[in-house]
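Letter by letter, the chains look like this.
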Amino acid sequence: MLTPWQLLLGLSLSLSLSLSVGPSLGHIIKEEEGFLLSPHYSSQEQLEDLFAGLAKAYPEQAQVHYLGRSLEGRNLLALQISRNVRARNLLTPPVKYIANMHGDETVGRQLLVYLAQYLLENFDRVPDVGRLVNSTDIYLVPTMNPDGYALSQEGNCESLPNYVGRGNAAGIDLNRDFPDRLEQSHVHQLRAQSRQPETAALANWILSKPFVLSANFHGGAVVASYPYDNSISHNECCEESLTPDDRVFKQLAHTYSDNHPIMRRGKNCNDSFNGGITNGANWYELSGGMQDFNYAFSNCFELTIELSCCKFPAASTLPQEWRSNKASLLQLLKQAHIGIKGLVQDASGYPIAGADVYVAGLEDKPIRTSKRGEYWRLLTPGLYRVHAAAFGYQVSAAQEVRVTNDNQEALRLDFKLTPVETNFDGNFRKVKVERSEPPEKRKEQFNGFLTATPFVHHNFTSMESFLRDIASSYPSLTRLYSIGKSVQGRDLWVMEIFATPGSHVPGVPEFKYVANMHGNEVVGKEMLLLLTKYLVERYGNDDRITRMVNGTRMHFLYSMNPDGYEISREGDRSSGLGRANANNVDLNRNFPDQYGTDRFNKVTEPEVEAVMNWTLSLPFVLSANLHGGSLVANYPFDDNENDFNDPFMRLRNSSINGRKANPTEDNALFRHLAGIYSQAHPTMHLGEPCELFQNEFFAEGITNGAQWYSVTGGMQDWNYVRAGCMELTIEMGCDKFPMASELPKYWSDNREPLLQFIEQVHHGIRGFVHSSIGTPIAGAVVRLDGSNHSTFSHTFGDYWKLALPGQHNLTVLGDNYAPMRVEVEVPQSEPYEMRMDVTLMRDDPQHWASANDFRIIENVVNTRYHTNPELRARLAELENQNGQIASFGYADNEFSRFFNYLKMTSDIGEPEEQKYKLLIVSSLFDTAAPLGREILLNLVRHLLEGYKLQDANVVQLLKRSVIYFLPQTQKFKAVFDMYNYNTSICDPVMGDELAERILSPETEQTKDMFMQFLRSERFDLMLTFGAGSSELVYPRGDSILEKFAHAIERTEFNYSPLHCEPSATRQLHRETQDRLTNLMYRMYNLPVYSLGISCCRMPSHKEIASVWRKNIDKIKNFMSLVKTGVTGLVQNDKGQPLREASVRLLEHQRFYNVTRNAARFQLMLPHGLYGVEVAAPNYESQILKVEIQDGQLADLGTIRLHAFTLIRGEVLELPNKLGGGSTSLAGVVLDESNHPVRNAKVSVVGRTQLRNFTNSMGQYRLTAVPLGTITLKVEAPRHLEATRQLHLVAGGLAAENVVFHLKVNEHIFGLPRFLFILIASILIIVGVVICVLCAQFWFYRRHRGNKPYYNFSLLPQKGREQFDLDDEAGDDGETELFRSPIKRGMTIQPYFDEEHLERILHTDDEEDEDGPHMEPEPEDVADEESGDEIVMLHNHGNKRRH
């Protein structure tokens, strides 16, 4: 029953007038809000009845949809509200509101109920509401978690204990249960098996409709949160993770917040949010959230709206919540009409579904068209360039459009796409499908086999038996061998099939198939078993098969992951059960990757190690890795350069068009090979999606791996990059472990593709590489058409290079041989191959020096390591001979006392402000410095000689740059002594190397001088030399630096990459190098390129020449970077230089400061189109567009910045109460392992206001620090505090590298850990002993009454001579010694012998069985020896009680 107050409140609300005036009539519009009359929360049953009633009352505008059921069977409802719910009008944007995801956060649940009633009851009353309903397709889901709501309690502002009600009936938080953008595909598959029904229903619904905008309503705070909710670094909070559409999301969030009277203040519920909005990850990190799922896996932009501080407030507060949120709810719906919208159609006007619409600058988030060809692209006001693309169609021309969002609907922008022409020349493009058997045998009885063949699945035991049977039946054609064992000890069996199996035959190519890499993907394994039987049975009976077996050495690895297979289950379509090996490692993420190392491939699994050793032991030419779960032929590369830093790219989601393809240099050949398999397959070439991945369309049934989804540490990329073997990944079917009854269909579909793919191993160029005297040259590098990808000649000099028909340039390189390049032509018809034998001439060092090194014989003949005095003398001599361009620094200043250096530039002494500064260091590792010094010395000679000869490249280099050469000298003698003691030493080991000292927090003079040198000189680039690989190490994540790296590595005659054996020392050096590279770039804005030049840090003397020859082109490429870039001056309106100005490239984070005098900037940049922003304090910034060409320095001239108009007034300088000046200091806090310590408090002792906390990288900064001597203190949880005394002087530089090294606090409750454990152990033992004793005492007391009690007395004595008679002696003269008191009812018996004891014990047993009925008889027993009498006293009146 309603109280009078509630009736009055409801009446006033229902009769309230919204004093809005109609656009032309000027009348007052009366809004219907009678639903507020009786505020209450609707139960599930009331909700269903209400929605059904609304749908019945408004049949054209409302319709109820059932999305699924909760875990306990409750319906998940959605109410659609639109102009015509039966058929959505074209280009009407769908929008959804979802609430009550957490069952105990209920305000949003009821607000959506109110919103549904408000929209339907007022769409024909209020014009704004009518326009909104007529132009928007609105879906309202009041509760996503009805089970949790049923468990919650009204009035609880916080969650119940154990979060009852927050999660669903299973206690799962639904906002952590969605697919996450940072998870790998196999994690998605594993989680799909346990995904909650509510989550699955919503995810399927979201992906089934082209939603444009969404909001997810929560409680517990008052704020509008926008994606992303997590970041790659996975910090708990306080680090933004922004989407490409961050500006749009902030506008959407502000739309809700600014219209909310409380939220817009930003200070509610003890939280503070600027403007009432926040980035999700910056607030707190969560993975598996719904708003990230919407943005990452669909076109939908979703916000998370926190509505109230109290999660489940009293129902009486609901009217006020409606008034606070009403305007925000309506205004957010209108945001679905910002930006652009349109149709993508073909030339005939038919819609193109699945086309992508790209906006320049926002390419990372393309929008995919609906089934009707519609798209909606939310955008903030601005000028945009937009184009559309779709498979099978040419990319549209970019259209420029200005978005104002002034209208009430999005700007219309349509696209028409024309089909792609598919007219290819050449027979090799036209795949001709032939059956393996002649036409007259096509109706053979056993599916092509000569004997009956069962189609069954084989576990490890049955597979092993099958292979042994084949090997024993066909010993002349097969060889069964194991390449290693799995984690659980199962053999990795390989069957060789060849006319003469057993060893490599020169001139015969090696081919391999690998299957069952993922244990639950079994089709490939069964197909190889069937193919083996097919080949050996038809050999000699089928000309095609006979030619194949005679001319190709085939190796089939049937199960690379037998352990995973054993736990897989038949009928599995898409799960992850059995996918990984017994160590739970995905083997297709465990190979070394060209772009980096992560936790998946840091430790090599035994199966992967066995396959790598096997692959490198034979000259494999072509390979395929057989998988399941899709239907496509996948070709390299499988990942992009930055995918290790962007886990989102590793996800297999519903779209592949938005991903970046990463083709190899042999992309045309790989596409041809993939097409061979796809076209021979009856359905693969159609490119139709699998049932579980409806949006995966593969044109012609092939795809680039990286464009599909990123696989880091994959096998096919490793084969191509490391082993020189062309490998594809074949996905053989949509189901991973199909039923055995489906295997005949798989066999008929894949038999011909498997055979045709093997035949491709013969298509291309083959031959032998010999020396001029006929000696086979093994390991020669063979390249085609200038490609960097290499194949290698084998032991007998034989090589194979797959190639498409046509003319090619073949390049062959051999160590100590002159390179050879020859033009060849692969025929356009069968057999599509040609033979080219190559003869290499022994290389003449002088001839090479003339062609590449200005004929500097000293660099390539009689090379050796120079001692420190010899090196200094040589550099001083070079300075004397070339004083106009070289200056040697040795003990002429403080820095040169620690580091000798040679400075080179044209016209030494002239102003250097307009020149680049380059630093070349022999090595940052003392043990690698001797080799680096020799390469550095060779480079100095090369440049000096080139300048003498006026070589254009060298002259231009020295005019545009100042180059510092730093040969390390400090520990050379110790390293050189190691080498002289043992000349076979490869990697000298020495502690405390320069790189380690730089990373160490300890102060050290050499390190400090080097770092000060970097700060003062402000170098643009740095090159250093390393060992252990031929890899180029540089700061990752910057596209400009990546392009520089590619330019450095690309040379005309690229030698094969170094294949260095891994070791702990080399791994440590690599990790140290990575950390040091990041430190230099982060703290000094200095990109460091570390070029690996040798496996050994200190190779033999004579090998220095070879190292120099193999790396000179890369070093030249580094020097050539100064040729291309942009330069300019920055001045104010008066022509004065703005020395505080900075320059930034749009889309890049790095800032460049102008020079200190003329305010000049000059940036080294690769060719391309750039936006350059020039800014200065108190001046308006300018953005300029500049196009940079290769080898040109674009001059922007003088850029004049206009000053801001400032408010004039009088400036008073307040006296500094602290006295003296101040400065700033910065640094980093690390633990003992040099890992950053975040959230550490850094403070100045005695100055409580001077404090700060470290960020996620351990960095901190303090400003306004007083000059003089201060004490800096660092405190961090679980670490011992540390202090350091600093002396800050006036005029000095800011302290920017104050490093603290914290030790872990090993104390517990103030005690050392060992002592605490010892004391605790003692206390536990004592406690256990006491408990045991107490238990025994209790047990004894409990059971003592159940046992007979015997009281023994001393035998009577008759010898009176020993004792005097006592007054207490009895009449018989007997005396009892030590007499015990006799208890009442106690039976007293004297001592008795064993026979009597046994009789008593038997009597006791009988008493236990039959009850107490003992009737003892008197008995006199005498001791014959002593003559003593034994007197037994009997109590006949009392019996013992048990």
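This is a predicted model, so every value here is computed, not measured.

Chemist: Tell me what's going on with the state of the cysteines, and back it up with residues and numbers.
Modeler: Summed over the entire model, instances satisfying the criterion amount to three disulfides. A sulfur-sulfur distance of 1.9 Å marks the disulfide that ties Cys986 to Cys1096. A torsion of -105° about the S-S bond marks the disulfide between Cys986 and Cys1096 as left-handed. Here Cys986 is found in the loop between α26 (972–981) and α27 (994–999), whereas its partner Cys1096 is found in the loop between β43 (1088–1092) and α31 (1103–1119), with 110 residues between them in sequence. With no disulfide of its own, Cys1331 lies 6.6 Å from the sulfur of Cys1334, the closest cysteine sulfur. Judged by its relative accessible area of 54%, Cys1331 is exposed. On the basis of relative accessible area, Cys1334 is assigned to the partly exposed category, the value being 48%.

Chemist: How would you summarise the pairing of strand β13 (residues 340–346) if you had to cite specific residues and measurements?
Modeler: Burial of β13 is extensive: six of the seven residues sit out of reach of the surface. With four bridges joining them, β13 and strand β16 (residues 374–377) adopt antiparallel strand pairing. Note that in β16 the partner of Ile340 across the bridge is Arg377.

Chemist: Please give an account of the pattern of salt bridges that cites residues and values.
Modeler: Counted according to the given criterion, the structure contains 54 salt bridges. Residue Glu833 is joined to Arg766 by a salt bridge in which the shortest nitrogen-to-oxygen separation is 3.3 Å. Highlighted residues: Glu833 in strand β35 (residues 833–835) and Arg766 in strand β29 (residues 764–771), separated in sequence by 67 residues. Overall, Arg766 belongs to the partly exposed group, its relative accessible area being 27%. With a shortest N-O distance of 2.7 Å, Glu1031 and Arg1070 are connected by a salt bridge. In this pair, Glu1031 is assigned in the loop between β41 (1021–1026) and β42 (1032–1033) and Arg1070 in helix α30 (residues 1064–1084), connecting sequence segments 39 residues apart. Overall, Arg1070 belongs to the partly exposed group, its relative accessible area being 27%. One continuous salt-bridge network, built from bridges that share partners, spans Glu105, Arg166, Asp173, Arg176 and Lys311.

Chemist: Can you lay out the environment of Trp1108 for me, pointing to particular residues and giving the numbers?
Modeler: You can see Trp1108 is positioned in helix α31. C-alpha separation for the pair Trp1108 and Ile1093, spaced 15 residues apart in sequence, amounts to 8.3 Å. Setting aside anything within four residues of it in sequence, one finds Trp1108 in contact with Trp848, Asp853, Asn859, Val860, Ile935, Asn938, Leu939, His942 and Ile1115.

Chemist: Explain the packing of helix α24 (residues 929–948) against helix α25 (residues 952–960) residue by residue, including any values.
Modeler: In the contact formed by α24 and α25, the axes pass within 8 Å of each other and the chain directions differ by 105°. One way to sum up the angle between α24 and α25 is to call them roughly perpendicular. Across from Leu943, Gly946 and Tyr947 in α24, the residues of α25 making contact are Val954, Val955, Leu957 and Leu958.

About the cut-offs
Residues numbered from 1 in each chain as written. Predicted model: local features only at pLDDT ≥ 70, side-chain atom pairs only at ≥ 80, totals over all residues. Heavy atoms only, no water. Disulfide = S-S within 2.5 Å. Helix = DSSP H or I, 4+ residues; strand = E, 2+ residues; numbered from the N terminus. Buried < 20%, exposed > 50% of the residue type's maximum accessible area, 1.4 Å probe, protein only. Pairing = 2+ DSSP bridges. Salt bridge = Lys/Arg side-chain N within 4 Å of Asp/Glu carboxyl O. Contact = heavy atoms within 4.5 Å. Axes fitted to C-alpha atoms, helices over the stretch in contact; angles between N-to-C directions. Parallel < 35°, antiparallel > 145°, perpendicular 65-115°, else oblique.

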